[in-house]
Structures are given as C-alpha cells and as structure tokens.
Amino acid sequence: MANKLIDLGIRPLYGYISLEKKMQHVQKELDHLRHQWDNMIARVQGAQSHLRKKRKRAVEEWLKAVDEIKIEFGSLKEQAQQASFYSIYARLKMVQHADKMIKEVTELGASLEEILPDGLLVETEWQGQKIETNLKEIWAWLMNDGISSVGIYGMAGVGKTTLAKRIYEDFVIGTKFSDKVYWVTASQEGTIHKLQDSVAIAINVDLSNEEDERKRAAKLFLALSRMEDFVIILDDVWIPFDINKIGIPLGLDGSKLIVTSRSLEVCHQVGCQKEIKVKPLCEKEAWTLFLEKLRPSLELPLDVKEIAKSMVQRCGGLPLGIITLAGNMKGVDDIHEWREALEELEGSFLGQNGNLFDSLHLSFNHLRDSRLKECFLYCSFYPENYKIPRDELIRLLILEGVMDKRRSRLSLFDQGHVMLKRLESICLLESHTEVNVSNYRETECVKMHCLIRDMALTIMDFDSKYMVKSGRCLKHIPDEIEWKGDLEKVSLLHNNISLISSGTSPNCPKLSSLNLASNPLRLIPDSFFFRLRALRVLNLSRNCELEMLPNSISQLGNLTALLLFDCCRLSFVPPIGKLKALRELDLCHTAINNVPEGMERLVNLNCLNMDRTGLRMIPDGTIYRLSHLQSLRIPEDVEVRVEELKALKHLEEFQGPCQITNKKVTLRGMELEGKNAIVLPEDIQQLAIIKCHGLGTCLTTAFSLFNIQKSGLTGCLIDNCPELECIMKVSSSDDQLVGKRILSPWAPLESIEHLSLHFLPNFVGLFKCEIEFDRPPCRIFCHLKSISISRCNTMTTIFTPWLLQHLQNLEVVEVLSCDRLEEIIADKEGGNMVFSPSDDDQHSFITYINFPRLKKLTLQHLPKLRSICEGTIICDSIENIRLMGCKNLARMPLSFSSIGGQPNPPPAFRAVEILKEELEWWKLLQWKDPGLGNVIQPFVQFVAEFPVV
C-alpha cells in the first residue's frame, strides 16, 4: 500500500519537473519534421512548375497536418512560458499534452514513408474554361441546402470523372465535409450487393457477415445518418438503381450525392435533382490540351503544326482521344511520321487505339435492345459530322424493318423518336437543329460524334455484311471486287459519283439495302441491278442529274422502298407493276408528268409521294386500288374524287387539295362545295381552313358537311373565308333541337381549346340567333384556352354575358385590327342574339366577371373600342397586357386582390405594353380602383413602333 502511495506521488512530481525536457523533445521532433516539410515543399513546387503536375490528396493532407501541429506547439510553448512554476495542475496537463504531441509528430513523420513510394504528385487534369464553367454551376447547386443530388453525364472520355475529381478535391480542402468525402466507383454490373460493398469500404463499415440486402442497406443508412455532413461520389454508374436500397440517406440534412454516368436516364432514375451534360472541348481548348500532353521540347514547325491540328480536329474535342493522340505522338519530330500518322487517322483513329475503342464500345455493349443497336449503327451510314433530319432517319429505319410492327404510321414514328431520344440520353447521339436559310424553318436533327461514328464503323468492319463509304468524295462506285457476296447493306451517300460504267453488275445476292443518295449520278446501266434481286430498299434521292431509271428496276420483285425524292430531272420511271412488295414510293420533286405504268397494281403500297411533280391528273380508280395507303401526297392542283379517298380506310396523312397530317387537317385554296368536297376523318384534332370558298355562313353547318360531329377537335383556324358570318347559328326550332343531340354539329365546340379567326369580312360574331332561344348547350367553349381574332371588320361584340360562365379555362385573348368592334363583352344579350331569360338567369347586367386563368390580354388597333365590359373583371393570374391603338377606350375594368386595402398585382404579372406616342392617353385612362393605375405604372413598357398585324 505504501509503495502505491509513493508511486502516485512520485510520478506526478516527475512529470511536473520534466515539462521542460518534454518541450525540448517535442521541439526536436518538430525540427526533424520541419526539415522533411521543407524538402517536400521544394520537391512539390519544383515538380508542379516544371512537370505540370499537382499534389496528391495525401500530400495535401500531410502538409496540412504539419501546419496544424506547428501552430499547436506554438500555442503550448506560450502556455508553458506563462504558467507559474507552482501551478502543479496546469503543468501536469501540459506534460500530458506534450506527450500526445510527441506521439503525433512521430506518427506523422512515419506516415511520410507511406506516401513517398508512389510519388508525391499526380498528372494535372485538364483545366479548361468549359470544365471551370461546369464546376462553378455544380458548386452553386451543391452549396444550396435545397439540392442534395447532382448528376454529371456525357459520352465516354469527355471528362465526367475529371470534373468529379475536381469537386472531390474542392470538398476535401477547406470545407465542412473535408474528412467525410467518399469516392465510390460503381461496377459495370451495377448490382445492389456490389454497390453496397463499395460504399461500405469507402465509409469503413463491415458488411462481410451480412448477406441480406435490406439489412445491409439499414447498416449503411444508420452509419451515414450519424454523420453530420457527408458527400458520396458515385463514379461511372451504368445501371439505374433505387438509392434507398443501397442505404444512402438521400435528402438528409448536410448530405450530398454526386453521380457520374454516360446516361441521362440513369441520373433521372437515381433521383438527381440537377443534371449537367459535359460536352466536348472547343477547338482552342482541344489544341491547348494536346500541346500540354505532347510537351514538345521546341515549338512545332508550321507544317507539323498544320498536320497536328488536323489530327486534333479528328478527335472532335474528346479529351480522352486528345490525350491518347498526344501520347502516341510524343517525341515524334519527323514530318514523314506525322503525315503517315494522319493518313492512318483518316482511316480509323480507334483502330489504332484499342483502349479508346474499348472505352467507347462499352456504351454500345450496354444497349440491351437489338433494335437500338441497329438504329445506332444505321446512323453511321451518314457522313462524318452530318446532321441527320430526325423524320428522314426514322422513315428509313421503318423501311429497314428496325421498328416493331405497329398498326399506324404515327405510332411507328413515335417509336422512332423514343429510340433516338434513348440514344441521345446515353450520349451516343447528339441533338441538333438545322435552320434552312431560304425559309428559316427549323429541322430537328441528330448527329454522331466523329469518334462515336468511328466506333460504329469499327464494329461493322468486323462484320462483312456492311460496306459504308459515305462522304468520301468518291468519283466512282467501289470496284466489283469490293462487292462481297455476303454484303447486306451498302451506303455510298454523299459522294461525287456521276457515272456507273456500262456492264457493271455487282454479285451480291444478299444485298437488301443500297443508299446512293446525294450523288451527281447521270446514268445507271441496266446491268447494275441484274444480280441484286434481294434488294429491298433502294435510295436514289437527291441525284439531281439523273433523268431516267434503268428497266432492270422493274424486275426487283422484293423491293419494298423506291426513294427518288429531289431527283429534279427524272422524267422516266420504267413499269413498276411487278413490284408487288413495294410499300413506299417517293417521287416528290421529280419531273414526271404521268403516273408510272402499273402503279395501280401496287396493292401493298403504304406511302405514295408525288408532290411537286409535273403531274396533272391521276386516272380514275388508281387511288381506290391502293387500299393500304397510310400517307398520300399529290400536287395541290390535282383533283381527287371523294369516293376514292373515303375508300382509304388506313389513310393517316394526306396532302393535296387539302392536307391531313397526324390528326391535323388543313384545307387551303379549295372550293368546298361540289365535286371537290371532302369528308374529313372523324378523329381529327386540329382543323385549319385557309382561303377557301363555299364554307358557308356558319361553321357548325360546315362541321356537318365535313363529318365532324364528335367532340375531340382541340384547335380551329379560319382564315380568309369571305362567306363565314358566325360559328354557330340558330334560325329555326330544328336548329334548337340539333343542339341537344349527342352527335351534334355543335359538339366539337365543347372540346375546342384554341380558336383563331382572321380576315373574315362578313363575320358578325361567335353566335347568330334569329329566334327566341332559352339557352345554348351549356358546355360550348368550356375547354377554350385561347381566342385570337383579327381583321373581322363587321363584328361589334365578341362575348355575351351567358357565354362568360363557360370561359373559366380561358388563358389568352387577342383582338387585333377589327375596325368596327365596340365591346369585348356586351352588357346584355343584344344585336342578333334574342335569348329568353329564365328566372334564375338574368343576363341584363353582370357586376363581376371572373377569368381565373387569364394570362394574356392583347387589344391592338381597335379604333372604335369603347368598352371592355361594364362590370369588373377579376383576373389574378394575368401576366401580360398589351393596349395599342385603342384611343376610344376610357376605362380599364380590371381588379386585383388587395392586401391591407391596397390593390396588389398578381405574382406572375410582368408588363403592360403601350405605344410611346400614346402616353397621354394612358395617363387619362380610368381604373376601377383609383389606386390601381399607380400600382401598375412600374410595369409599363413602351413600344417604339406599332407592330405589324
């Protein structure tokens, strides 16, 4: 017992006395550590400046720890100097602190040995402007407490992981997450079990004894939930998964999840709140990256530089390709070697770089649907960097049999668009818009990155059934020796082939698809098709020099598609009656004047296009026999018998005297009475009648003539039809009864959402009533969202009081250049409308009118407009008001909700647009609420000139 008491007394006393020795020990260890620190700093700085490398994360952390322990020792030293010799407790605590520091410094010195074997530095990742812009946007999202998950997607080798590494490093250094940032690389198989293992290793959780996925997820969830702030980066995710099944508590306060993937769909399905696409580098950044990785000892000679720039362009801005190229050319200074390398690159860059091909090929391999693979490979039939019109591509895919069989052409196109969207989402295709400079029309297109196309061509090189030589400036078709017997698809698109030599006859008994479009072909010899009897799709479109087809085409009995679009000089097509399998014949913009001989025998034809030809007539009975037609296009001035069109039960698309496309019908410049009258399909959704005669005075009467008797019509445009006086007319008791029938000509008015009426000189109003009528059908215009009226110079009023109760969905009202219009909403049922009011429906005056969804009101160039309405209009959803050229309007009846007794503009309210020269009129305009004018004044925007109507 005595010994224990002595021990308890001596030990503290020894520590009390030995503080100075302890401090000296710490100082000695720190001096040694400082020497190591100085050496490392010198090595790191030298390497960073000369070798374009950066510190490893372990080096950053080691230097940071040394810095912190130096500060800590300085503080302890200051405390030791200030502490009294007789302050036993304080000195004992400092001795314990010094012992702890000795241990930490020793361990820190030893840990350097673990860093040194692998080197202090790693290669500097690309730091271009594009990556900095993406980094800034992602960082802003991650610093937002409301955003916990971000997806980074893009094609293989574009820099997704590089960007994620930058984020990782920025989180590690100087943020609250610094010691809880976890990098997890997902396996390509992407099973829940494997991903759980990867996360568990990263956060140091033992799952080795647990096989049940739910229990494993619970353990991970619990471990992560105990952390206040953490970041998990899941790199290279291929297959979507439920984040909850992994065990990651997404949305937990302070938690952040970053996902990198080649697929936008994966980012969506994992639950990312924000996504950013990493795009290839611009030309300038690509060249800079190449030079940084090449590290030439001297500046490249001009001739070498030009070759090198061509090679870099071949990489299409893909960092992985550029880095690979620079690695291949490092140390090469002979111009002959550079030229040889460029020549090889023109063939196939990927063929010379297996690793790059393997990386890109993974995306193709992960396409589980064989149709998607076919679709992807077919896109490579087009030249490099070619913007492929989506509709053209889908049409060809349908003809090639890539699509599932569907009942309608529309559903086939829908399927095609979905497939292209899928390839876009996994970055195997890029979406583009092409603008036609002649008419400024936009065409939706897709494009293949040049290295992705290289990958597709490399895949097809392994399969002898393909020959693709598109966009190669060929002047002659390939020699017959290249036309192998097992060829199935050949694309010679966009070349300079003008002539096929007489006697040429490729022996390809399996060839099913031949694309010779966009060549200056002048002549095809008869022999060319002799041994191509399996041919199904023949595309000769855009051969503007071709004047006639060889007779041998008549013998291609398996042909399903003959495409001659834009062969503007083509005037002769041989008899085609034997082509019984033909499903599509495109003669648009050719010089033919007559229907090809035997066309009436093409009983399986689905699509026939003879628009923009010299055709003047179609023999009676020809169209009738083509009973499977889904799409028919003929010149506008060619007459078609109604009976023949009615016989086409599968017709979805018609363009001629009228146009029918995807449930949209356009009648333009037609005489709607007599022999050219057309009975329209029952399921149309949009109807446009433009510059037509014979429409009659009432639109609903025309609905009866057109066979439109069911609701389902959502849009209606009437433009420049002089006879039209009204939309609906009641002139007899029979009309009143008609309005109550199920199949009524008024029924389409129930479903109409958009109504446009323009240039109608005799139009008096929406309704014309000539007898007493208790009330019209209650659902008329109940779905109307927008109404646009212009140049209707007989109309004096638009809406009547009884109609207002049906306009609760109205969002847009546009009235322009109606010279005699006096009221927007009449104060009573007057004019041609003589309704008998019921006891519970007094139409004489309405105090308040509610338009709960009205967003836009445009009143423009209405010289006689004196009133919008006599009552008050409540519209708390209004966003924009445009008032121009309405100088007789003295009062604005609008009313907004009030806060504290003051009118308050709706949250979405943006602007009131007026003419600058009408400022004085605006100032005198009276408001329902005297204070409303002042409230609206900050929203006023002046328009310098009167807009053209």
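Conventions used here
- Residues numbered from 1 in each chain as written.
- Predicted model: local features only at pLDDT ≥ 70, side-chain atom pairs only at ≥ 80, totals over all residues.
- Heavy atoms only, no water.
- Helix = DSSP H or I, 4+ residues; strand = E, 2+ residues; numbered from the N terminus.
- Buried < 20%, exposed > 50% of the residue type's maximum accessible area, 1.4 Å probe, protein only.
- Contact = heavy atoms within 4.5 Å.
- Disulfide = S-S within 2.5 Å.
- Core = buried A, V, L, I, M, F, W, Y, C linked by side-chain atoms within 4.5 Å.
- Salt bridge = Lys/Arg side-chain N within 4 Å of Asp/Glu carboxyl O.
- Patch = residues over 30% accessible without salt bridge, like charges linked within 9 Å, V, L, I, M, F, W, Y side chains within 5 Å.
- Areas by Shrake-Rupley, 256 points an atom, 1.4 Å probe, with all protein chains shown as cover.
- Lys, Arg positive; Asp, Glu negative; His and termini not counted.
- Charge placed at Lys NZ, Arg CZ, Asp CG, Glu CD.
- Axes fitted to C-alpha atoms, helices over the stretch in contact; angles between N-to-C directions.
- Parallel < 35°, antiparallel > 145°, perpendicular 65-115°, else oblique.
- Nonpolar A, V, L, I, M, F, W, Y, C, P; charged D, E, K, R; others polar.
- Pairing = 2+ DSSP bridges.
- Phe/Tyr/Trp six-rings, centres within 6.5 Å; stacked < 30°, edge-to-face > 60°.
- Lys NZ or Arg CZ within 6 Å of the ring centre and 35° of its normal.
- Left-handed = near helix turned anticlockwise from the far one by under 90°.
- pLDDT = per-residue confidence, 0-100.
- Polar contact = N/O pair within 3.5 Å; in protein donor to acceptor, adjacent residues only side chain to side chain.

S.K.: I would appreciate a short explanation of the overall build of the protein in the present structure.
M.R.: Looking only at helices and strands, the protein has 27 helices and 41 strands in total. Within the protein, the fraction of its 949 residues that count as buried is 50%. In the protein, the share of contacts with a sequence separation of at least 24, taken over all contacts with a separation of at least 6, comes to 65%.

S.K.: Explanation requested: the state of the cysteines in the structure shown.
M.R.: By definition, a disulfide links the sulfur atoms of two cysteines through a covalent bond. Under the criterion given, the structure shown has zero disulfides. Here Cys726 stays unpaired: no disulfide links it, and the sulfur of Cys698, its closest cysteine neighbor, is 4.2 Å away.

S.K.: Would you take a moment to explain the nonpolar core for this structure?
M.R.: Across soluble globular proteins, nonpolar side chains show a tendency to be buried alongside one another. Trp483, Ile689, Leu766, Phe781 and Phe799 are the most contacted members of the largest nonpolar core, which totals 137 residues. The residues contacting Phe799, other than those within four sequence positions of it, are Leu766, Ile787, Leu804, Leu807, Leu810, Ile824, Ile825 and Ala826. Within the second largest apolar cluster, 99 residues are counted, among which are Ile152, Ile203, Phe376 and Leu420.

S.K.: Explanation requested: the pattern of salt bridges in the structure shown.
M.R.: Evaluated as defined, the whole model comprises 27 salt bridges. Here Asp404 makes a salt bridge to Arg371, at a shortest N to O gap of 2.8 Å. Taken together, the residues span a long stretch of sequence, with Asp404 in the loop between α17 (390–399) and α18 (409–425) and Arg371 in helix α16 (residues 370–379) at a distance of 33 residues. The residue Glu400 makes a salt bridge to Lys489 at a minimum N-O spacing of 2.9 Å. Linking Glu400 in the loop between α17 and α18 with Lys489 in strand β12 (residues 489–491), this pair joins segments that are 89 residues apart in sequence.

S.K.: Explanation requested: a negative patch on the surface in the structure shown.
M.R.: Taken together, the side chains of Glu340, Glu343, Glu344 and Glu346 define an acidic patch exposed on the protein surface. Inspection of the secondary structure puts Glu344 in helix α14 (residues 335–347). Of the residues examined, Glu344 reaches a relative accessible area of 37% and is grouped as partly exposed.

S.K.: Please clarify how the packing of α16 against α18 should be interpreted in this entry.
M.R.: Any two packed helices are characterised by the angle at which their axes cross and by the distance between the axes. One can describe the packing of α16 onto α18 by two numbers: an axis separation of 10 Å at closest approach and a directional angle of 80°. Of the possible angle classes, the one that applies to α16 and α18 is roughly perpendicular. Contacts between α16 and α18 pair Arg371, Leu372, Cys375 and Phe376 from the former with Gln415, Met419, Leu420, Arg422 and Leu423 from the latter. For the contact of α16 with α18, the residue count by class is six nonpolar, one polar and two charged.

S.K.: Looking at this structure, how should I read the pairing of strand β29 (residues 812–816)?
M.R.: Successive side chains on a regular strand alternate, one facing one side of the sheet and the next facing the other. As defined by bridge partners, strand β27 (residues 786–790) adjoins β29 across five bridges and the pair is classed as parallel. Counterpart to Ser790 in the pairing with β29 is Leu816. Pairing between β29 and strand β32 (residues 856–860): five bridges, direction parallel. Bridge pairing in β32 links Glu814 to Thr858.

S.K.: Just to check I follow, could you spell out the sheet that holds strand β9 (residues 430–435) for this structure?
M.R.: Note: strands within a sheet are paired through backbone hydrogen bonds, in either parallel or antiparallel orientation. Strands sit in the order β8-β10-β9 across an open sheet of three strands; the sheet is antiparallel. Taken across any chain shown, the strands that pair with only one partner, and hence form the sheet edges, are β8 (388–389) and β9. As paired strands, β9 and strand β10 (residues 442–447) are joined by six bridges and run antiparallel to one another. Residue pairing in the sheet places Thr433 in a bridge with Glu444 of β10.

S.K.: It is not clear to me how the packing of aromatic side chains should be interpreted in this structure. Could you clarify?
M.R.: Describing an aromatic ring pair means giving the distance of the ring centres and the angle of the ring planes. The full count for this structure, using the stated rule, is 12 aromatic pairs. Where Trp922 meets Trp927, the ring centres are 5.7 Å apart and the plane angle is 80°; that geometry is what we call edge-to-face. Accessibility assignment for this pair places Trp922 and Trp927 in one class, buried. Chaining the aromatic ring pairs together yields one cluster made of Tyr378, Phe381 and Tyr466. Lying across the ring of Trp287, Lys309 places its NZ or CZ 5.5 Å from the centre.

S.K.: Any chance you could explain the environment of Tyr378 here in plain terms?
M.R.: Within the secondary structure, Tyr378 sits in helix α16. Residues Tyr378 and Val468, spaced 90 residues apart in sequence, show a C-alpha to C-alpha distance of 9.9 Å. Tyr378 has contacts with Leu393, Leu396, Leu397 and Glu400, leaving out every residue within four places of it along the chain.

S.K.: Looking at this structure, I do not really get unusual backbone geometry. What am I missing?
M.R.: Note: most residues except glycine have negative phi, and most peptide bonds are trans. Positive phi outside glycine occurs at Arg295, with the angle close to 50°. Positionally, Arg295 belongs in the loop between α11 (283–294) and α12 (302–313). Look at Arg295 and you get partly exposed, because its relative accessible area is 38%. A positive phi angle, close to 65°, is found at Asn385, a residue other than glycine. Mapping Asn385 onto the fold places it in the loop between α16 and β8. Taking the relative accessible area as the measure of exposure, Asn385 reaches 43% and is therefore partly exposed.

S.K.: What is the right way to read the environment of Ile426 from this model?
M.R.: Of note, Ile426 is situated in the loop between α18 and β9. Residue classification places Ile426 among the buried residues on the basis of a relative accessible area of 9%. Those residues in contact with Ile426, other than ones at most four positions away along the chain, are Arg262, Ser263 and Leu367.

S.K.: Looking at this model, I keep getting lost on the sheet that holds strand β36 (residues 894–895). Mind explaining?
M.R.: With parallel pairing, the three strands of this open sheet are ordered in space as β31-β33-β36. Every interior strand has two partners, whereas the edge strands, β31 (848–850) and β36, have only one. With three bridges joining them, β31 and strand β33 (residues 872–874) adopt parallel strand pairing. Bridging from a neighbouring strand, Asn850 pairs with Ile874 of β33.

S.K.: Would you mind going over the side chain of Asn606 with me for this structure?
M.R.: Tracing the chain through its elements places Asn606 in the loop between β16 (584–586) and β17 (607–609). Judged by its relative accessible area of 17%, Asn606 falls in the buried class. Every residue in contact with Asn606, bar those within four places of it in the chain, is listed here: Arg583, His628, Leu629, Gln630 and Ser631.

S.K.: Please clarify how the packing of α16 against α17 should be interpreted in this entry.
M.R.: Running from N to C, α16 and α17 point in directions that differ by 125°, and their axes come no closer than 11 Å. Our classification of the angle between α16 and α17 gives oblique. Crossing geometry of α16 relative to α17 is assigned as right-handed. Residue-level inspection shows Cys375, Tyr378 and Cys379 of α16 in contact with α17, the latter providing Leu393, Leu396 and Leu397.

S.K.: Would you mind showing me how to read the confidence of the model for the protein here?
M.R.: Note that predicted coordinates carrying low pLDDT should not be read in detail. Looking at the protein, the pLDDT average stands at 82 and 83% of residues meet or exceed 70. Below pLDDT 50 for its whole length, residues 1–15 participates in four contacts with residues either more than four positions away or in separate chains. Ignoring residues within four places in sequence, the model shows residues 116–124, a span with pLDDT below 50, making 30 contacts including any to other chains.

S.K.: Would you explain α17 in this entry?
M.R.: An α-helical turn contains 3.6 residues, so any two residues separated by three or four positions project in the same direction. Extensive coverage of α17 is indicated by the burial of nine of its 10 residues. Where α17 terminates, the next one or two residues include Gly401, which has phi positive at roughly 80°.

S.K.: What am I meant to see in the side chain of Asp611 here?
M.R.: Assignment of secondary structure puts Asp611 in the loop between β17 and α20 (622–625). Buried Asp611, no salt bridge; nearest opposite-charge side chain is Arg633, N-O distance 5.4 Å. A polar atom in the side chain of Asp611 sits 2.9 Å from the side chain of Gln655. In this structure, Asp611 is in contact with Leu587, Cys588, His589, Arg633, Ile634, Pro635 and Gln655, ignoring residues within four places of it in sequence.

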